Amino acid sequence: MTRKLPATDVVIVGLGWTGSILAHELTGAGLNVVAIERGPWRDTATDFPPAYAQDELRYRIRHDLFLRPEQLTMTFRNNASQTALPIRSWGSFMPPNGVGGGGVHWNAETWRFLPSDFELRTHLVGRYGEKFLPEDMTIQDWGITYDDLEPHYDKFEYLCGTSGKAGNIRGLIQAGGNPFEGARSREYPTPPQKQPYGPTLFAQAAQGMGYKPFPQPSGNLSQPYTNPLGVTIGPCTYCGFCEWFGCGNYSKASPQTTILPALIRRPNFEARTQCEVSKINLDKSGKRASGVTYVDSSGNEWEQPADLVLLCAFQLFNVQLLLTSGIGKPYDPRAGEGVIGRNYSYQVTSSVGAFFDDKIFNPFIASGSIGMCIDEFNGDNFDHGPHGFVGGGYMGAVQTNGRPIQTARTPRATPRWGAEWKKAVAKSYLSSYESVTHGSCYSYRDVHLDLDPTYTDRFGRKLMRLTFDFHDNELKMSTYLTDRLAEVVQKMGPRQLEKHPRRGPYDVTVYQTTHTCGGAIMGVEPKTSALNRYLQSWDVPNLFVMGATAFPQNPGYNPTDTVGALAYWTADAIVNRYLKSPGPLVQI
Amino acid sequence: MRMRNLMTLALAGCAIGLAAARAAEDNQAFEKIERGRYLVVLGDCVGCHTAPGGKLFAGGAALETPFGKLLGPNITPDVATGIGAWTESDLWRAMHEGIGRDGVRLYPAMPYPSYTKVTREDVSAIWAYLRTLEPVRNEVQPNQLRFPFNVRRPATSTWDLINFKPGVFQSDPAKSDVWNRGAYLVEGLGHCGTCHTPKNITGGDRGGEALQGALLQDWYAPDLTADPRTGIGSWSAEDIVRYLKTGANSFDIASGPMAEAVENSTSRMTDADLLAIATYLTDRTPRIEDTAIALAHDDTRMVAGKAIYEVRCAACHISSGAGVPNLFPRLALAPLVQSTDPTSLIRVVLIGSRAAATSAAPTAPAMPAFGWNLSDTEIADVLTYVRNAWGNAASAVPPTDVTTLRGRVSR
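Please read all numbers here as calculations on a predicted model, not as lab measurements.

Caption draft 1: Spotlight on the overall build of chain A. Along chain A, the regular secondary structure elements total 14 helices and 24 strands. At 23 Å, chain A has a C-alpha radius of gyration in line with the 25 Å of a compact globule built from 588 residues. Counting only C-alpha atoms and orienting by the principal axes, one finds that chain A spans roughly 70 × 55 × 50 Å. Considering only contacts within chain A whose residues lie at least 6 apart along the sequence, 75% involve residues at least 24 apart. As displayed, chain A offers around 21000 Å² of accessible surface, 51% of which is attributable to carbon and sulfur atoms. The averaged location of the 56 negative side-chain charges in chain A is 2 Å from the averaged location of its 56 positive side-chain charges.

Below is the structure:
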């Protein structure tokens, strides 16, 4: 039996970055907010203290911070001719779990997207013509501009204390920063992290070739910082346990280290952990959300009525909840119609490995986002005309870790085990270096999310099905970027160099990034998007859907800065527009 | 309402002089109630009279004493279980003389040896405020002391004869008004000595050693004198104000019972009162003590301790012991680190500790527990190192002290 709870003003599904930001802004506006989180409460000192936080086996191999597939998973296939099967161990991407969400385990690479990324179709068609794009590519404009989002990027970066060097302040190009970035209103809140040897060498090589290297913007802080909420973050110790790990030193920006200490003091905020939302409820009209139904850890089912429902779960689960709750028209790839599940996209990364005789890199001196990058080959920063593809990515020497289990690089011909392998690992550990490209992944007609016809979860709901493969455009992009990266790495003077461009087909068992995107995208009209420019559902105006779910395609950057900025953008729209006149914020 | 007015009239009828003027005062006037509310903040009454998660002032917060456990009683105006049947004079007698209604002597866990210095006007305002609270029916059995301490205290208590001298605060005409206000707060309602003044065998304050640091509830409340090494001699008045206001300054972050005092009381005080407290504290004579000499760097305990520090502690507290302001307390030249009694240090390493959270400094960083993967000797060594590195000098920590405290805090 479902028991009905007293109504609240706002219910938030998921207490990661976006849930925390919206809860903070809306409690600040005087609303009563209840956040429902599927996983446990997580606290820095008690959940990842320095005494054991750096445990690669527990966190990286055994996925301690992530959702258990037994609790919820999805099925996967490359294309419609295949039968999708359930993912039983996370591989390609890592769904987060618990308070803080992905903000706990991220590398803290804090990138803004390019101005052209937000008007991608208009921009590319304008420059190259409609025919230049592959026929089945479904990229779209976002419905907002970089300038719309700039103040919100700024707010998120100052919440996090992001360390970096501006490349463009109010239109003036700054030496040492990224000259391609959109204009920012001011410098980063803290200076860049100190660079180890590898990134320094990469930057020298890149500069020698006429590129403009710059330090990667980082949420691993270069120095102590107290944010506008009064919360203090410490300096990074360069321990190299960021991605997959919680930071026990209070030095990586996460909801725990930036916003939750202020949020939990608010008397009009409540968090319910270990509670899984099973459904978003609609009233009889079907045009208004009446709240959510959730199940607690004892299996009791509760209904939480609310005036406003904010879907703030991980990208894939936002789409899953919309599909299983029957909100919005599901996407049909054959007809190319419908919006929920449309424009799913991912990321296309590649790497160049290099083995040196005369250099010691000390890979264990690392932080999640320490590194020197170039942006010459990202987005539309270069002429794609001669190359026959669109998209791109940043590239560089990003020294994220030297963890003992997985950072055991050996040259290609080395045996996979035994004495020769051990010898090669010992020889290469300090003197090898891996540089990376972080490429875009555009959207296509056949790539989508829908409900699986066969498999169900523990509540009897149909699992969500992923249909995804890389397309020629992305593979060409990856080969091109990897070749350009290899040219720079060659200048670093290695004995041996190995290119690893991304190749198809997509393999769901091989980790790349957790940057899955789309499925309920924002846009300018309800025919081709699930959300309007304020991330408000076109169909159910008291429902807002946060996160990378709204990205119409994925640029060649990490998503979190944009996810945070969009959350502030939506919070601003709710407080200053929606509350004054609840209803659709965009009229068609 | 009518009853209260009658009571006021009755009191007015039998009082003379100042008391008459006071009784004629309207106990329901906003100004008086608001002043009483603030005085209750100054006295941190919440600390003992509100149980964790319980109703405000309905009692039940536990205080561990060397003689057993005492619970703060219900001080809401509930007739049956609170102080609903009390008169204002009953409260005055309790605060001023340590004698409750019907002549019951209070245990000095109720800091009447400090509260006796509070003026009658202030007690009257506190009374006016307490009367406005919603009566909460909550039976608290305050006395949970071990035998023989649980036996009702006789009308003429030996303890009081030895340890207690009633008397309202007398200002020192040689000092400024600000200094006198600070003295009134520290010695009176603020009852700082309850934790920070060393105790004699009966639990009474050791005369002449006021605020020199004391052990209580397995925490060492540090020396608040101007001693530059173990006291707060190197803190400016601004440093003290910032600490009390926010729970953190560039030297230290409040944790343990002080975190509660900051959260409930000092962070809610006016800036003028905090400055008064700081003015008084910075003007006190440092305690006279033998100067400590740092242990040699090659002492085996120092060598072992340094290795542990670098692996387990330096990531937060920095290799130089400098810490990070508002986040990780500084250890170099820190008074608590060099205190005569290392109990607090041992405790936080064994079971961890969470810092105070205030609106001005909401971070509330926490120290994780290391008791589960450091041995008693390792903890003793690392603390011995911390107490004797970077210009610090203090006695070595014996492993047996760690063993003893481990037994107590892991009970």
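Caption draft 2: Here's a closer look at the environment of H471(A). All names here are of chain A. Residue position: H471 is located in the loop between β21 (462-467) and α13 (472-491). In the structure, H471 is positioned 24 residues away from V447 in sequence and 9.7 Å away in space, judged by C-alpha atoms. The contact partners of H471, leaving out residues within four places of it in the chain, are D136, Y444, D446 and V447. Polar side-chain contacts of H471 include one of 3.1 Å to the side chain of D446.

Caption draft 3: How the structure looks around unusual backbone geometry. A cis amide bond, omega -10°, links G504(A) with the succeeding residue P505(A). By the secondary structure assignment, P505(A) is in the loop between β22 (496-500) and β23 (517-519). Unlike most non-glycine residues, A108(A) shows phi in positive territory, near 75°. Assessed through its relative accessible area of 0%, A108(A) is described here as buried. In the Ramachandran plot, F57(B) falls in the positive-phi region, its phi being about 65° despite a non-glycine side chain. Relative to the assigned elements, F57(B) resides in the loop between α4 (45-49) and β1 (62-65). Exposure remark for F57(B): the relative accessible area of 2% places this residue in the buried category.

Caption draft 4: Expanded view of the environment of H297(B). Residue and element names in this part refer to chain B. You can see H297 is positioned in the loop between α13 (271-282) and α14 (300-317). The class of H297 is exposed, set by a relative accessible area of 67%. If we skip the residues at most four places from it in the chain, H297 touches M302 and V303.

Caption draft 5: Fine view of the packing of helix α5 (residues 88-97) of chain B against helix α7 (residues 120-130) of chain B. Residues and elements named next belong to chain B. Across the interface, α5 lies against α7 with an axial gap of 10 Å and an inter-helix angle of 125°. Classified by the angle their axes make, α5 and α7 are oblique. In terms of crossing hand, the pair formed by α5 and α7 is right-handed. Only R120, V123, S124, I126, W127 and L130 of α7 make contact with α5, whose side of the interface consists of E88, S89, L91, W92 and M95.

Caption draft 6: Up close: the interface of chain B and chain A. Between chain B and chain A, the contact holds 24 residues from the first and 22 residues from the second. Across the chain B/chain A interface, buried area totals approximately 1500 Å², and carbon plus sulfur atoms make up 64% of it. Three residues, P362(B), T363(B) and P368(B), lead the burial of chain B against chain A; their summed loss comes to 28% of the area buried on that side. Joining chain B to chain A, the criterion identifies one salt bridge. A salt bridge links R354(B) to D43(A); the shortest N-O distance between them is 2.7 Å. At the junction of chain B with chain A, the criterion picks out five residue pairs in polar contact (both at pLDDT 80 or more). For the side of chain B that touches chain A, the secondary-structure elements that each account for two or more residues are α14 and β7 (366-367) of chain B.

Caption draft 7: The arrangement of the sheet that holds strand β5 (residues 85-86) of chain A in detail. All names here are of chain A. Here four strands make up an open sheet; going across it, the order is β5-β4-β21-β20 and the pairing mixed. In this open sheet, the two strands that pair with only one neighbour each are β5 and β20 (448-456). The pairing of β20 with β21 spans five bridges and is classified as antiparallel. The partner of H448 across the bridge, within β21, is T467. Each of β4 (74-77), β20 and β21 is contacted by helix α11 (residues 315-325), which is oriented at about 125° to β21, the strand it contacts most.

Caption draft 8: Structural view of the pairing of strand β2 (residues 8-13) of chain A. Residue and element names in this part refer to chain A. Counting buried positions over the six residues of β2 gives five, a clear majority of the element. Here β2 runs beside strand β14 (residues 301-311); their pairing, made up of five bridges, is parallel. Looking at the pairing, T8 lines up with A306 of β14. Sheet analysis places β2 next to strand β3 (residues 33-36), joined by four bridges and oriented parallel. Within the sheet, the bridge partner assigned to V11 lies in β3 and is V34. With helix α1 (residues 17-28) bridging β2 and the parallel β3, this β-α-β connection has right-handed handedness.

Caption draft 9: Summary view of the side chain of T363(B). Structurally, T363(B) is set in the loop between β6 (353-354) and β7. When its relative accessible area of 8% is taken as the criterion, T363(B) is described as buried. A polar contact is formed between the side chain of T363(B) and the backbone nitrogen of T232(A), at a distance of 2.8 Å. Apart from the residues lying within four places of it in its own chain, the contact partners of T363(B) are G230(A), V231(A), T232(A), P261(A) and L327(B).

Caption draft 10: Inspection of the sheet that holds strand β17 (residues 371-374) of chain A at higher detail. Residues and elements named next belong to chain A. With antiparallel pairing, six strands are arranged side by side in an open sheet as β8-β17-β18-β19-β16-β22. Whereas interior strands pair on both sides, the edge strands pair on one side only; in this sheet they are β8 (214-215) and β22. Across five bridges, the pairing between strand β16 (residues 348-355) and β22 is antiparallel. By the bridge assignment for β22, S351 is matched with H500. On the sheet, α13 packs against β16, β18 (393-398), β19 (432-439) and β22 and is oriented at approximately 25° with respect to β16.

Caption draft 11: Up close: the side chain of Q399(A). Mapped onto the secondary structure, Q399(A) falls in the loop between β18 and α12 (419-428). Dropping the residues within four chain positions of it, Q399(A) is found in contact with P196(A), G198(A), P199(A), F361(A), N362(A), P363(A), I365(A), A366(A), S367(A), I370(A) and Y433(A).

Caption draft 12: Highlighting the nonpolar core. Counting residues in hydrophobic clusters, the biggest one holds 155 residues, and the most contacted among them are F93(A) and L310(A). If one sorts the elements of this core by residue count, helix α14 (residues 560-578) of chain A sits on top with 10 residues. Among residues more than four places away in sequence, those in contact with F93(A) are M74(A), I87(A), L316(A), Y346(A), L466(A), Y506(A), V508(A), Y511(A), T513(A), T514(A) and T516(A). Listed in part, the 51 residues of the second largest apolar core include V123(B), L133(B), L211(B) and F251(B).

Caption draft 13: Summary view of the packing of aromatic side chains. All names here are of chain A. Taken as a whole and assessed by the stated rule, the structure comprises 50 aromatic pairs over all chains. Seen from their ring centres, Y146 and Y153 are 6.0 Å apart, and the 35° between their planes marks the pair as tilted. There is no split in this pair, since Y146 and Y153 are both buried. A connected cluster of aromatic rings, assembled from ring pairs, spans W111, F113, F118, W142, F214, Y394, F551 and Y557. Directly above the ring of W302 sits R3, whose terminal nitrogen or CZ lies 4.4 Å from the centroid. For R186, the ring lying beneath its charged end belongs to Y158, and the centroid distance is 3.4 Å.

Definitions and cut-offs
- Residues numbered from 1 in each chain as written.
- Chains lettered and ligands numbered in written order.
- Predicted model: local features only at pLDDT ≥ 70, side-chain atom pairs only at ≥ 80, totals over all residues.
- Heavy atoms only, no water.
- Helix = DSSP H or I, 4+ residues; strand = E, 2+ residues; numbered from the N terminus.
- Rg over C-alpha atoms; globule rule 2.2 N^0.38 Å.
- Contact = heavy atoms within 4.5 Å.
- Areas by Shrake-Rupley, 256 points an atom, 1.4 Å probe, with all protein chains shown as cover.
- Lys, Arg positive; Asp, Glu negative; His and termini not counted.
- Charge placed at Lys NZ, Arg CZ, Asp CG, Glu CD.
- Polar contact = N/O pair within 3.5 Å; in protein donor to acceptor, adjacent residues only side chain to side chain.
- Buried < 20%, exposed > 50% of the residue type's maximum accessible area, 1.4 Å probe, protein only.
- Axes fitted to C-alpha atoms, helices over the stretch in contact; angles between N-to-C directions.
- Parallel < 35°, antiparallel > 145°, perpendicular 65-115°, else oblique.
- Left-handed = near helix turned anticlockwise from the far one by under 90°.
- Buried area = accessible area lost by both parts, 1.4 Å probe.
- Salt bridge = Lys/Arg side-chain N within 4 Å of Asp/Glu carboxyl O.
- Pairing = 2+ DSSP bridges.
- Right-handed = clockwise from strand over helix to strand, strands pointing away.
- Core = buried A, V, L, I, M, F, W, Y, C linked by side-chain atoms within 4.5 Å.
- Phe/Tyr/Trp six-rings, centres within 6.5 Å; stacked < 30°, edge-to-face > 60°.
- Lys NZ or Arg CZ within 6 Å of the ring centre and 35° of its normal.

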